[in-house]
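Here is what each chain is made of, one letter per residue.
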Amino acid sequence: MAGVSQSAVSRAFSPDASISSRTKQKVLAAAASLGYRPNRIPAIMLSGRSYMVGVVIGGLENPFYATALERLATALRSSGLQVLLMHVDDALTLDSALDQLLSYRIDAVVTSLAIGSKTVARALSQLQIPVVCFNSSLVGPWISTVNSNNHGAGVIAARLMAAWGVARPVWLAGPAKNAASRARGEGFCRGLGEAGIPATALTRLQGDDTYGSGYDAITSLHRQGIQPNGIFSSNDMMACGAIDALRERMGLRCPHDVIILGYDNIPQAAWRSYDLTSFDQHTELMVTRAMELLDEALVAKGTPLSRTHVVDAQLIERGSTAITD
């Protein structure tokens, strides 16, 4: 119908092929008339490249990850790459997901799950395809990561607590296996020590990054008769739960009785009922850095690259820390 050779049709559907615009338009017009769509499978088998990136995610109940996924998918499509999405419960089930992804001959993996196990890191390296993670404590051959400056933000949170005169600080941690949460807590403890607040004054609470765990953690404080006057939460979801528990269970208000800081700057943080001061990870910048790492690794063609980018978090101050005389 287009009046051209089979090879010309092939070049018309190949992004980097040499073909005149006039010939390409004839081919595309004929394809539209016939309802033709090229089959990518033969090209994948011949070239060994699928132009598909496996995106492994978990924790979508947290709006932060949903936002990051949307921006990442948009960036991948803009680079001419296809997204193959795989949801897993946590990093411990990453291996089973990768077995499925590799059957599609993916070119790379991007995951929001931090690699906290050397066993998982070794398994990923053995795949010999680029892997880009967010907030991972471990890297290795073929594995790169983009991290928020979690430790530095923890130090800043502690300094602010000291400046606001907090004498009974609380650290509300996420899951123990969460490397980002651990780094935030380590920075917070270090900052408190540097500010002269004794370790004995700090109360540590354990959550699981959900609203309910933040609510329950503060409820447990109430049962113990502990009344904090400053809380640093590892993420905003737990901080929102903590604010509600402070109000409903302990009769305390933010910031009049307790100041509270979160992390992630999710949309709910700006809701008037929470008005939560939070650290913004700059999701767009983290995705941009992840794409740069991915592009570099794909261009390297078989050379194992390992890079780490650190993005400073920005404190967004709201009413939960707006102490007035």
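**Q** Please clarify how the pairing of strand β7 (residues 203–206) should be interpreted in this entry.
**A** Regular strands have side chains that alternate between both faces of the sheet. In β7, alternate side chains face the same way, and those of T203 and L205 are buried while those of R204 and Q206 on the opposite face are not. As defined by bridge partners, strand β6 (residues 169–173) adjoins β7 across 4 bridges and the pair is classed as parallel. Each bridged residue has a counterpart across the sheet, and for L172 the counterpart in β7 is L205. For the handedness criterion, the β-α-β arrangement of β6, helix α8 (residues 179–194) and β7 is classed as right-handed.

**Q** Teacher, can you tell me more about the sheet that holds strand β10 (residues 277–280) here?
**A** Note on sheets: strands pair through backbone hydrogen bonds, and any given pair is parallel or antiparallel. Pairing in this open sheet of 6 strands is mixed, and the strands run β7-β6-β8-β9-β10-β12 from one edge to the other. This sheet does not close on itself; its edge strands, each paired only once, are β7 and β12 (314–316). Averaged over all adjacent pairs, the angle separating strand axes in this sheet is 20°, with direction ignored.

**Q** What exactly am I supposed to notice about the environment of Q206 here?
**A** Residue position: Q206 is located in strand β7. Setting aside its immediate chain neighbours within four residues, Q206 contacts L172, A173, G174, P175, A176 and A217. In terms of polar contacts, Q206 uses its side chain to reach the backbone carbonyl oxygen of G174, at 2.3 Å.

**Q** Can you help me understand a nonpolar patch on the surface in this one?
**A** Residues M1, L34 and Y36 make up a contiguous nonpolar surface patch of roughly 380 Å² in combined accessible area. When you line up the elements, Y36 lands in the loop between α2 (21–34) and α3 (41–47). Given the relative accessible area of 38%, Y36 is considered partly exposed.

**Q** Teacher, can you tell me more about the sheet that holds strand β1 (residues 52–57) here?
**A** Read from one edge to the other, the open sheet built from 6 strands follows the order β2-β1-β3-β4-β5-β11, with strand pairing classed as parallel. Edge positions in the sheet fall to β2 (82–87) and β11 (308–311), since each of these pairs with one other strand and no more. For this sheet, the mean angle separating the axes of adjacent strands, direction not counted, is 15°. Pairing of strand β4 (residues 131–134) with strand β5 (residues 143–148) involves 4 bridges; the strand directions are parallel. Opposite C133, over in β5, you have T145 as the bridge partner. Contacting β1, β2 and β3 (108–111), helix α4 (residues 63–78) runs over the sheet at an angle of about 175° to β1.

What counts, and at which threshold
Residues numbered from 1 in each chain as written. Predicted model: local features only at pLDDT ≥ 70, side-chain atom pairs only at ≥ 80, totals over all residues. Heavy atoms only, no water. Buried < 20%, exposed > 50% of the residue type's maximum accessible area, 1.4 Å probe, protein only. Helix = DSSP H or I, 4+ residues; strand = E, 2+ residues; numbered from the N terminus. Pairing = 2+ DSSP bridges. Right-handed = clockwise from strand over helix to strand, strands pointing away. Axes fitted to C-alpha atoms, helices over the stretch in contact; angles between N-to-C directions. Contact = heavy atoms within 4.5 Å. Polar contact = N/O pair within 3.5 Å; in protein donor to acceptor, adjacent residues only side chain to side chain. Patch = residues over 30% accessible without salt bridge, like charges linked within 9 Å, V, L, I, M, F, W, Y side chains within 5 Å. Areas by Shrake-Rupley, 256 points an atom, 1.4 Å probe, with all protein chains shown as cover. Salt bridge = Lys/Arg side-chain N within 4 Å of Asp/Glu carboxyl O.

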